[in-house]
Amino acid sequence: MIAGAHEEPGRSASWGRQLQLGPIALTLPATLALLLFFVAPLAAFFVYSFLTAGFYSVTGPLTLEAYQDAVTSDVNRTLAVNSFVVGICVAAVTLAISLPIAYWLRYAAGGWQIPVLFLITTTLFASYLVRIYAWRTILGENGLLNSGLERIGLINEPLGFILFNRFSVTVALVHIFLPYVVLVLYAGFRPISPALLEAAQDLGANALLRWVRVVLPLIAAPAATAFLFVFILSPGHYVPPQSLGGTNGVLLGVRIQTALTSVGNWPLGAALSFLMLAAFAVCFAITALGLRLLKLDRIRFAN
Amino acid sequence: MADTSAEKERSRQAEAARIDIAILSRRELLRRSGIGLLTIGVAPALLAGCGGGDEAAAPKATGTIDFLSFEGYDLPDQTAAWRKENGVEFNSTYIVANEDIPPKLKVGGAAYDLSYYGVGFKDGWAPLGLWLPIDEAKVPNIEKLFPFFKSDVLNAWVDPDGTRTGVPFTWGSVGLTWDDAALPGGLESFYDLLDPKFKDKIGLPDDAPSNFVLAVRMLGYDTTTLTQDQYKEVTDLLRQFVKQAKTVSPGYGDVASLLASGEIVAAFSGWAAINSFAAGAGKDTVKTSIPKEGGYSFADAYMVASTADNADTVLAFINHVLEPEVNAAAADFLVGGVTVEGSVELLSPATASLYSYENIEASFERAPLFKLPPFESDQYVTYQDWLDTWAELKAGA
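Residues numbered from 1 in each chain as written. Chains lettered and ligands numbered in written order. Predicted model: local features only at pLDDT ≥ 70, side-chain atom pairs only at ≥ 80, totals over all residues. Heavy atoms only, no water.

Visitor: Provide a residue-level description of the overall build of chain A, including the pertinent values.
Guide: Of regular secondary structure, chain A possesses 12 helices and two strands. In terms of overall size, chain A is more extended than a compact globule, its C-alpha atoms giving a radius of gyration of 25 Å where 303 residues would be expected to give roughly 19 Å. The dimensions of chain A, computed from C-alpha atoms along their principal axes, are 80 × 65 × 40 Å. Per-residue burial over chain A gives 38% buried out of 303 residues. (Helix = DSSP H or I, 4+ residues; strand = E, 2+ residues; numbered from the N terminus. Rg over C-alpha atoms; globule rule 2.2 N^0.38 Å. Buried < 20%, exposed > 50% of the residue type's maximum accessible area, 1.4 Å probe, protein only.)

Visitor: Outline the overall build of chain B, listing residues and values.
Guide: When helices and strands are tallied, chain B shows 15 helices and 10 strands. Looking at chain B as a whole, 57% of its 397 residues qualify as buried. Taking all contacts inside chain B whose residues are at least 6 apart in sequence as the whole, residues at least 24 apart take part in 76%. Carbon and sulfur atoms make up 51% of the accessible area of chain B, which totals about 15000 Å². (Contact = heavy atoms within 4.5 Å. Areas by Shrake-Rupley, 256 points an atom, 1.4 Å probe, with all protein chains shown as cover.)

Visitor: Now, about the pairing of strand 3 (residues 114-118) of chain B: what can you tell me, with residues and values included?
Guide: Residues and elements named next belong to chain B. The buried count for strand 3 comes to five of five residues, which makes it a mostly enclosed element. Going residue by residue along strand 3, you find Leu-114, Tyr-116 and Gly-118 tucked away on one face and Ser-115 and Tyr-117 tucked away on the opposite face as well. As paired elements, strand 3 and strand 10 (residues 296-305) share five bridges and run antiparallel to each other. Residue pairing for strand 10: Gly-118 is matched across the bridge by Asp-300. (Pairing = 2+ DSSP bridges.)

Visitor: Tell me about helix 4 (residues 113-122) of chain A, and please be specific about residues and values.
Guide: Residues and elements named next belong to chain A. Looking at helix 4, one finds that the buried residues are Gln-113, Val-116, Leu-117 and Ile-120. Buried residues along helix 4 cover an arc of 100° about the axis, so they all sit on one side. With respect to the buried face of helix 4, the exposed residues turned more than 90 degrees away are Ile-114, Phe-118 and Leu-119. Of the surrounding secondary structure, the elements contacted by the buried residues of helix 4 are helix 3 (74-107) and helix 7 (166-189). (Arc of directions from axis to C-beta.)

Visitor: Would you mind going over the packing of aromatic side chains in detail, with residue names and values included?
Guide: Residue and element names in this part refer to chain B. Scanning the model with the defined rule gives 45 aromatic pairs over all chains in all. Between Trp-171 and Tyr-357, the aromatic rings sit 6.1 Å apart at their centres with planes inclined by 80°, giving edge-to-face as the arrangement. Here Tyr-357 lies in the loop between helix 13 (349-352) and helix 14 (360-366) and Trp-171 lies in strand 5 (residues 167-179), a separation of 186 residues in the sequence. For Trp-171, a relative accessible area of 1% corresponds to the buried category. On the basis of relative accessible area, Tyr-357 is assigned to the buried category, the value being 12%. With a centroid separation of 6.0 Å and 80° between ring planes, the pair formed by Trp-271 and Phe-277 is classed as edge-to-face. The same class applies to Trp-271 and to Phe-277, which are both buried. Over the ring of Phe-90 we find Arg-83; its NZ or CZ atom is 3.8 Å from the centre of that ring. (Phe/Tyr/Trp six-rings, centres within 6.5 Å; stacked < 30°, edge-to-face > 60°. Lys NZ or Arg CZ within 6 Å of the ring centre and 35° of its normal.)

Visitor: Please give an account of the interface of chain A and chain B that cites residues and values.
Guide: Listed as interface residues are 26 residues of chain A and, on the opposing side, 31 residues of chain B. Carbon and sulfur atoms make up 59% of the area that chain A and chain B hide from each other, which totals about 2500 Å². A salt bridge links Glu-141 of chain A to Lys-246 of chain B, with the nearest nitrogen and oxygen atoms 2.9 Å apart. Taken together, the links from chain A to chain B amount to seven residue pairs in polar contact (both at pLDDT 80 or more). Of all the secondary-structure elements, those providing two or more residues to the side of chain A that touches chain B are helix 3, helix 5 (128-139), helix 10 (239-244) and helix 11 (252-260) of chain A. At five residues, the largest contribution of residues to the side of chain A that touches chain B is made by helix 5 of chain A. (Buried area = accessible area lost by both parts, 1.4 Å probe. Salt bridge = Lys/Arg side-chain N within 4 Å of Asp/Glu carboxyl O. Polar contact = N/O pair within 3.5 Å; in protein donor to acceptor, adjacent residues only side chain to side chain.)

Visitor: I'd like a rundown of helix 7 (residues 208-218) of chain B, residues and numbers included.
Guide: Among the 11 residues of helix 7 of chain B, 10 are classified as buried, and the element is accordingly described as predominantly covered. For helix 7 of chain B, the set of buried residues is Ala-208, Pro-209, Ser-210, Asn-211, Phe-212, Val-213, Leu-214, Ala-215, Val-216 and Met-218 of chain B.

Visitor: Before we move on, can you summarise the packing of helix 7 of chain B against helix 8 (residues 228-244) of chain B with the specific residues and values?
Guide: All names here are of chain B. Running from N to C, helix 7 and helix 8 cross one another at 115°; their axes reach a closest spacing of 9 Å. Like other packed secondary-structure pairs, helix 7 and helix 8 cross with a definite hand, here right-handed. Contacts from Asn-211, Phe-212, Ala-215, Val-216 and Met-218 of helix 7 reach helix 8 at Tyr-231, Val-234, Thr-235, Leu-237, Leu-238 and Phe-241. Split by residue class, the contact of helix 7 with helix 8 holds nine nonpolar, two polar and no charged. (Axes fitted to C-alpha atoms, helices over the stretch in contact; angles between N-to-C directions. Left-handed = near helix turned anticlockwise from the far one by under 90°. Nonpolar A, V, L, I, M, F, W, Y, C, P; charged D, E, K, R; others polar.)

Visitor: Which residues make up the pattern of salt bridges, and what are the values?
Guide: Residues and elements named next belong to chain B. Considering all chains together, one arrives at 17 salt bridges over all chains under this definition. Of the charged contacts in the structure, one is a salt bridge between Lys-371 and Asp-123, with a shortest N-O distance of 2.9 Å. Placement of the pair is Lys-371 in the loop between helix 14 and helix 15 (383-394) and Asp-123 in helix 5 (residues 122-125), with a sequence separation of 248 residues. On the accessibility criterion, Lys-371 (24% relative accessible area) is partly exposed. Where Glu-143 meets Lys-150, a salt bridge forms, and the shortest distance between an N and an O atom there is 3.8 Å. Here Glu-143 falls in the exposed class, since its relative accessible area comes to 56%.

Visitor: Just give me the short version of the environment of Pro-100 of chain A, but keep the residues and values in it.
Guide: All names here are of chain A. Note that Pro-100 resides in helix 3. Residue classification places Pro-100 among the partly exposed residues on the basis of a relative accessible area of 43%. Each C-alpha atom, one on Pro-100 and one on Ala-25, is 42 Å from the other, the two residues being 75 residues apart in sequence.

Visitor: Explain the side chain of Arg-83 of chain B to me, and be specific about the residues and the numbers.
Guide: Among the secondary structure elements, Arg-83 of chain B is positioned in helix 3 (residues 80-86). If we ignore the near neighbours within four places in the chain, the residues touching Arg-83 of chain B are Asp-74, Leu-75, Pro-76, Val-88 and Phe-90 of chain B.

Visitor: Would you mind going over the state of the cysteines in detail, with residue names and values included?
Guide: Residues and elements named next belong to chain A. Scanning all chains against the criterion turns up zero disulfides over all chains. In this model Cys-89 remains outside any disulfide bridge; the closest cysteine sulfur is found in Cys-283, 14 Å from its own. Judged by relative accessible area, Cys-89 falls into the partly exposed class, the value being 34%. Cys-283 gets classed as buried once you look at its relative accessible area, which sits at 19%. (Disulfide = S-S within 2.5 Å.)

Visitor: How would you sum up the nonpolar core? Please name residues and give values.
Guide: Grouped together as the largest cluster of nonpolar side chains are 180 residues, with contacts concentrated most on Phe-149, Trp-157 and Trp-386 of chain B. Here Phe-149 of chain B is in contact with Trp-157, Pro-168, Trp-171, Ala-299, Val-338, Thr-339, Ile-360 and Phe-364 of chain B, once residues within four sequence places are set aside. (Core = buried A, V, L, I, M, F, W, Y, C linked by side-chain atoms within 4.5 Å.)

Visitor: Mind laying out the confidence of the model for chain B, listing which residues take part and the relevant values?
Guide: Looking at chain B, pLDDT values average 86 and 85% of them are 70 or higher. For residues 1-53 of chain B, every residue scores under 50 in pLDDT, and the model assigns this stretch 75 contacts once sequence neighbours within four places are set aside. (pLDDT = per-residue confidence, 0-100.)

Visitor: How would you summarise the packing of helix 8 (residues 194-202) of chain A against helix 9 (residues 207-233) of chain A if you had to cite specific residues and measurements?
Guide: Residues and elements named next belong to chain A. Following both chains from N to C, one finds helix 8 and helix 9 inclined at 160°, their axes separated by 10 Å at the closest point. Classified by the interaxial angle, the pair formed by helix 8 and helix 9 is roughly antiparallel. The chirality of how helix 8 crosses helix 9 is right-handed. Contact with helix 8, carried on its side by Leu-196, Leu-197, Ala-200 and Gln-201, involves Arg-210, Val-214, Val-215 and Leu-218 of helix 9 and no other residues of that element. (Parallel < 35°, antiparallel > 145°, perpendicular 65-115°, else oblique.)

Structure follows, in structure tokens:
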């Protein structure tokens, strides 16, 4: 006899209640951990942003002074523009490089799919600092790029403008985010059956039309997610700007890090962090709204 | 062809060393460079000198020392034999910057025994009650210090009332560093770095106190009584150096890396240890001197933390570090100066050449110890002002 095939109605109701409680019980530890280790510190950090700065200390009462300092500072405004420009560039370039790679992996890689995915994943194992400093040896005046160009006679003097500026920061950040975005987009392509592309081809769509009318609408939501992921996280990185940014490639993340550590101005660091968070929330809302208006968020695909 | 291959290999190794040196923290660099020097230079002396001296008069050492300072300042290899002999263990917490110390000692939630302070921070940290008075009778090797370090200069280690607050164990001078291969003979003045031909060819570290102290010295002002007008001049001067620089390096190791790779040819806030770091990366032509405007010196002192529950062992440790052999090994390891008279002849040639010990007072006249601005003041520019302004300057203001 199959267990439970002839259970009494009361007992069945008890199982039902247990099933109802199951998800809550299962997520309770994670919820508590999030509340304790994420929401609570974030709330405390939020309160800090309204306090007055001492030297590695804060005092009351609540004030908007830190926010006022954050938005009225010329330096912060410059860094915000820097961060926006670099964030957009990094996100756009990363997406542009990742899309064809992910597409190829999904539909054309064949037996290369697993090895290439493995290689992409292994790049994440390299030290973050090594990956950043490696660009110095590539872009430096005596680096691989300049040496190579000199050797083949394309330049007579090293190109000094490719390191220690926004360009080198952008290059390093693209390098850092590329594996993540490829994986996100590959996951986005997974549910899109090759049959859809074949059907479009059968109906007379050329390669460009297939991309524009079939692939892009289907991948729009994952691509937008990947774009936001990179755009939001880029300005927060403070090591690449410090190591490769020179004196004009500094981003807001450096300012926040400095405020929270060497300067010891915790309210300013907190205020800048929450202003960035608010700006990104607005970007997220605009993107979500755009996808909805274009009806790209409701596309469902089935194999 | 063989020569070319060997050259390529040497070039590859030098490049690898440059990457290596660039990604290390200053203290890690000190540790690594020190290990090499220690191996070839001072190890025999250290092994020979792991006991004796006036250590019998020091208190009995035992238990665990909870340590809070830069990595390397706990001198793990240099004091290994002493630790083993006395059964002392270290529980070390490493900091990234000086500013990490006050919050950890005040609200860190942990009881630290041994920490350190730089001379410049003494006045600012004193009101915070971070240290305990040191009983000099329990550190008899204080008698072995150079007279300069035994004195109460700037009240850096001894308060006006005679209370000892710290024991200096290493020091160094900061001035101008350059690559002698690119600039034979070097530069005489910091202002030479502002020559248009050096645009994007100089560097400076992300070290606000160091850069500000030098700029203040260049203009002939006093760091502790800086008025707003004077401060504007100082800031404007410093801004010129930042704008002239290729980049603001995260640390001194990074400055060495840039010199080694040829990205820059000179550095503001140069430090003699950079010579060693660059040599380790394959560039042995980097030199440091004190320019005509003068430089400054730092001296770091151990303190017994106010949260200490094992003070006697801390004092025994400090006493041991003042043994000439240990002090010399520490200087080699930290690429710094010694504070104990008898240790000079035990230094490796490379470390001994960093500073002149024949007339140590004269060296400190050209590059004096400094005090930081007041931490709070309605009248003068404060240390917080320096930090705020530096954060803006390096961000491009």
